[in-house]
Amino acid sequence: MAHSLQDGDSENSRLLHAEGVKVKPQLTDLGERPKVTMTWKDLGYEAIVPKTKEVKRILKGVSGYVGSGQMLAILGPSGAGKTTMLDILAQRNKGGTVTGDLSMNGHEINQGVFRRVSAYVQQEDIMHGYLTVRETITYAAMLRLPKTVKQEEIVARVTNTMQMLGIDHVSDRKIGS
C-alpha cells in the first residue's frame, strides 16, 4: 500500500536531506523511494602495473548520466575498462587514481548516503546452486536490509524484484538449473 511521503517520513529521505541532497519521492507499489541521479564528467583512472611499475591509463575523459529507475549498459571489448568504470561509479575504488567529477543529484557523493540508496552486484557468479531463485534473492535481501524490516515486507520486496526483472516464472527453480 502506497503512502504520501512527507519530509522526514523516510529514513533515506531524511538522510539525503540532511546531507543537502535534494530528492524527489518515486512512487512504487512498496511505497515511496527517493529519486537519485548520478552524473559523471571527464572520469579518468590510472593504476600502477605491479611488475613494471609503469602507470597505465585505464579510463580517460568518460562522461555520462543515469537517472532513477533507468538501466545503464556499458559496452566494450575485454580489457576496455568496463568493470573499472562500474567500480568507480559504485564507489569501490581498489587503488589507483581517479580523476574527474562524480555527483549524486548534483552534489558531491556522501558515502553514507550512497550506500543507503544503492547496491552493487559483483561480476563473479557467487550464487549457490542448491538454492532457488526466490531463496537466493531473499537471502540477499535479509543480508542487506535492516533487521527492523519485517518478514512480510521482505517477501513483498523479493516478489516485486522478481516481477520487475521478469524472472518470477522461475522463482522456484534452483539457480543454474
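Bear in mind the structure is a predicted one, so any value in this text is a computation, not a measurement.

Thresholds applied
Residues numbered from 1 in each chain as written. Predicted model: local features only at pLDDT ≥ 70, side-chain atom pairs only at ≥ 80, totals over all residues. Heavy atoms only, no water. Helix = DSSP H or I, 4+ residues; strand = E, 2+ residues; numbered from the N terminus. Buried < 20%, exposed > 50% of the residue type's maximum accessible area, 1.4 Å probe, protein only. Contact = heavy atoms within 4.5 Å. Areas by Shrake-Rupley, 256 points an atom, 1.4 Å probe, with all protein chains shown as cover. Core = buried A, V, L, I, M, F, W, Y, C linked by side-chain atoms within 4.5 Å. Axes fitted to C-alpha atoms, helices over the stretch in contact; angles between N-to-C directions. Parallel < 35°, antiparallel > 145°, perpendicular 65-115°, else oblique. Left-handed = near helix turned anticlockwise from the far one by under 90°. Pairing = 2+ DSSP bridges. pLDDT = per-residue confidence, 0-100.

Enquirer: Which residues make up the overall build of the protein chain, and what values do they have?
Expert: For the protein chain, the helix and strand inventory stands at 5 helices and 6 strands. Its helices and strands taken in sequence order, the protein chain reads α-β-β-β-β-α-β-β-α-α-α from the N to the C terminus. Classification of the 177 residues of the protein chain by burial places 27% in the buried group. By sequence separation, contacts in the protein chain at least 24 residues apart represent 61% of the contacts at least 6 residues apart. When the accessible surface of the protein chain is split by element, carbon and sulfur atoms take 54% of a total near 12300 Å².

Enquirer: So what's going on with the environment of glycine 67? Which residues, and what values?
Expert: With respect to the element layout, glycine 67 can be found in the loop between strand E4 (55-66) and helix H2 (82-89). With a relative accessible area of 9%, glycine 67 lands in the buried category. For glycine 67 and methionine 104, which are 37 residues apart along the polypeptide, the C-alpha to C-alpha distance reads 9.8 Å. Contact partners of glycine 67, with chain neighbours within four places excluded, come to Val36 and Thr37.

Enquirer: If you had to explain the nonpolar core to someone new, which residues and values would you point to?
Expert: Formed by 16 residues in total, the largest nonpolar core has its most connected members in Met38, Trp40, Leu89 and Leu102. Listed by contribution, the elements that provide at least two residues to this core are strand E3 (38-48), E4, H2, strand E5 (97-104) and helix H3 (111-117). Here this core gets 5 residues from one element, more than from any other, and that element is E3. Not counting the four nearest positions on each side in its chain, leucine 102 is found in contact with Met38, Thr39, Trp40, Ile88, Leu89, Gln91, Glu108 and Ile109. Of all hydrophobic cores here, the second largest spans 10 residues; its members include Val133, Ile137, Val149 and Val170.

Enquirer: Which residues make up the packing of helix H4 (residues 133-144) against helix H5 (residues 151-165), and what are the values?
Expert: For the pair H4 and H5, the least separation of the axes is 10 Å and the interaxial angle reads 125 degrees. On the basis of the axis angle, H4 is oblique to H5. H5 is crossed by H4, and the crossing has right-handed handedness. Here Val133, Arg134, Ile137, Thr138, Ala141 and Met142 of H4 come into contact with H5, specifically with Ile154, Val158, Thr159 and Met162.

Enquirer: Account for the pairing of E5, naming residues and giving values.
Expert: Two elements, E3 and E5, share 7 bridges in a ladder whose sense is antiparallel. Looking across to E5, one finds that tyrosine 45 is bridged to valine 98. Bridge count between E5 and strand E6 (residues 107-108): 2 bridges; the pairing is antiparallel. Counted as the bridge partner of serine 103 is glutamate 108 from E6. Once E5 ends, the chain turns through 2 residues before running back antiparallel as E6, passing asparagine 105 with a positive phi of about 50 degrees.

Enquirer: Describe in detail unusual backbone geometry, supporting the description with residues and values.
Expert: We note that lysine 53 has phi near 65 degrees; this positive angle belongs to a residue other than glycine. Within the element layout of this structure, lysine 53 appears in the loop between E3 and E4. Here lysine 53 falls in the exposed class, since its relative accessible area comes to 62%. Phi at glutamine 91 is positive, roughly 60 degrees, even though this residue is not glycine. Mapped onto the fold, glutamine 91 is located in the loop between H2 and E5.

Enquirer: Describe in detail the confidence of the model for the protein chain, supporting the description with residues and values.
Expert: Per-residue confidence for the protein chain averages 79 on the pLDDT scale, and 77% of its residues sit at or above 70. For the stretch residues 1-30, pLDDT sits under 50, and the model shows 61 contacts to residues farther than four places along the chain or on other chains.

Enquirer: Describe the environment of leucine 102, with residues and values.
Expert: Tracing the chain through its elements places leucine 102 in strand E5. As a C-alpha pair, leucine 102 and tryptophan 40 span 62 residues in sequence and 4.4 Å in three-dimensional space.

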